[in-house]
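# Breakdown of the fold
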Amino acid sequence: QVQLVESGGGLVQPGGSLRLSCTASGMIFSIYDMGWYRQAPGLERELVTRITSGGSTYYADSVKGRFTIYRDNAKNTVYLQMNSLKPEDTAVYYCNAKASILLSRVNDYWGQGTQVTVSS
């Protein structure tokens, strides 16, 4: 009922920038928190950043000061601006949303992931 589609991943040199986008579609009633997770090979998925419907944000210490999350509620889209990228940022990045469809409870929804590779 709710689909999340990410875009914007790719290969970038250390110190470079990328912007990821995630757009939600489907029978959406309300979108609450939205966020970005990442997972590198052999490691657990980790929360990178999240933003509430009211605009409150959280950033993992590893990305604080370099990444910015923001959302456009009219477009049901959340963005992740990534600056000063480091090789350790290399991972598959997943969009997450807590949302509800009409007459349903809040559920978690996930995108399929987009690869970010930081390498010279």
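Structure: see above.
Residues numbered from 1 in each chain as written. Predicted model: local features only at pLDDT ≥ 70, side-chain atom pairs only at ≥ 80, totals over all residues. Heavy atoms only, no water.

## Side note on the overall build of the chain
Which entries qualify depends on this criterion: Working definition: helices are DSSP H or I runs of at least four residues, strands are E runs of at least two. Numbering for both runs from the N terminus. Radius of gyration: C-alpha atoms only; globule rule: 2.2 Å multiplied by the number of residues to the exponent 0.38. The buried label applies to any residue whose accessible area, calculated with a 1.4 Å probe on protein chains only, is under 20% of its type's maximum; exposed applies above 50%, and partly exposed to all values in between. Between two residues, a contact is recorded if the distance between any of their heavy atoms is within 4.5 Å. With residues, only the protein chains shown are counted as cover, and all accessible areas are computed by Shrake-Rupley using a 1.4 Å probe. Only four residue types enter the tally: Lys and Arg on the positive side, Asp and Glu on the negative side; His and the chain ends are excluded. Here the site of a charge means atom NZ of a Lys, CZ of an Arg, CG of an Asp or CD of a Glu.
In terms of regular secondary structure, the chain is built from zero helices and 11 strands. Going from N to C terminus, the chain has its helices and strands arranged as β-β-β-β-β-β-β-β-β-β-β. Over its C-alpha atoms the chain spans a radius of gyration of 14 Å, differing by no more than 12% from the 14 Å that the globule rule assigns to 120 residues. Evaluated residue by residue, the chain yields a buried proportion of 40% over its 120 residues. Considering only intrachain contacts with a sequence separation of at least 6, the fraction spanning at least 24 residues in the chain is 54%. Surface accessibility of the chain: about 6500 Å² in total, with carbon and sulfur atoms responsible for 49%. Distance between charge centres in the chain, computed from 11 positive and 9 negative side chains, equals 4 Å.

## With respect to the sheet that holds strand β3 (residues 18–26)
We apply this condition: The pairing criterion is simple: DSSP has to find at least two bridges between the two strands. Fitted lines through C-alpha atoms serve as axes, helices being fitted only where they are in contact, and the angles separating the N-to-C directions of these axes extend from 0 to 180 degrees.
If you trace the four strands from one edge of the open sheet to the other, you get β1-β3-β8-β7, paired in antiparallel fashion. The sheet is open, and its two borders are formed by β1 (2–7) and β7 (67–72), each paired with just one other strand. Between one strand axis and the next, the sheet turns by 15 degrees as a mean value, whatever way the strands run. When β1 meets β3, the two strands line up antiparallel, connected through six bridges. Within the sheet, the bridge partner assigned to Val5 lies in β3 and is Thr23.

## Let's talk about the state of the cysteines
Quick reminder of the rule: By definition, disulfides here are pairs of cysteine sulfur atoms that lie within 2.5 Å.
A full pass over the atoms with the stated rule returns one disulfide. At a sulfur-sulfur separation of 2.1 Å, the disulfide partner of Cys22 is Cys95. Disulfide Cys22-Cys95: torsion about the S-S bond near -85 degrees, hence left-handed. Placement of the pair is Cys22 in strand β3 and Cys95 in strand β9 (residues 91–100), with a sequence separation of 73 residues. Looking at Cys22, the relative accessible area reads 0%, which means it is buried. Residue classification places Cys95 among the buried residues on the basis of a relative accessible area of 0%.

## What about the environment of Met34?
When you line up the elements, Met34 lands in strand β4 (residues 30–39). Using a relative accessible area of 2% as the deciding quantity, one classes Met34 as buried. Residues in contact with Met34, not counting those within four places in the same chain, are Arg50, Ile51, Ile69, Arg71, Val78, Asn96 and Ala97.

## A few points about the pairing of β7
Burial along β7 is one-sided: the face carrying Phe67, Ile69 and Arg71 is buried and the face carrying Thr68, Tyr70 and Asp72 is not. Where β7 meets strand β8 (residues 77–82), six bridges bridge the pair, whose relative direction is antiparallel. Bridge assignment links Ile69 to a residue of β8, and that residue is Leu80.

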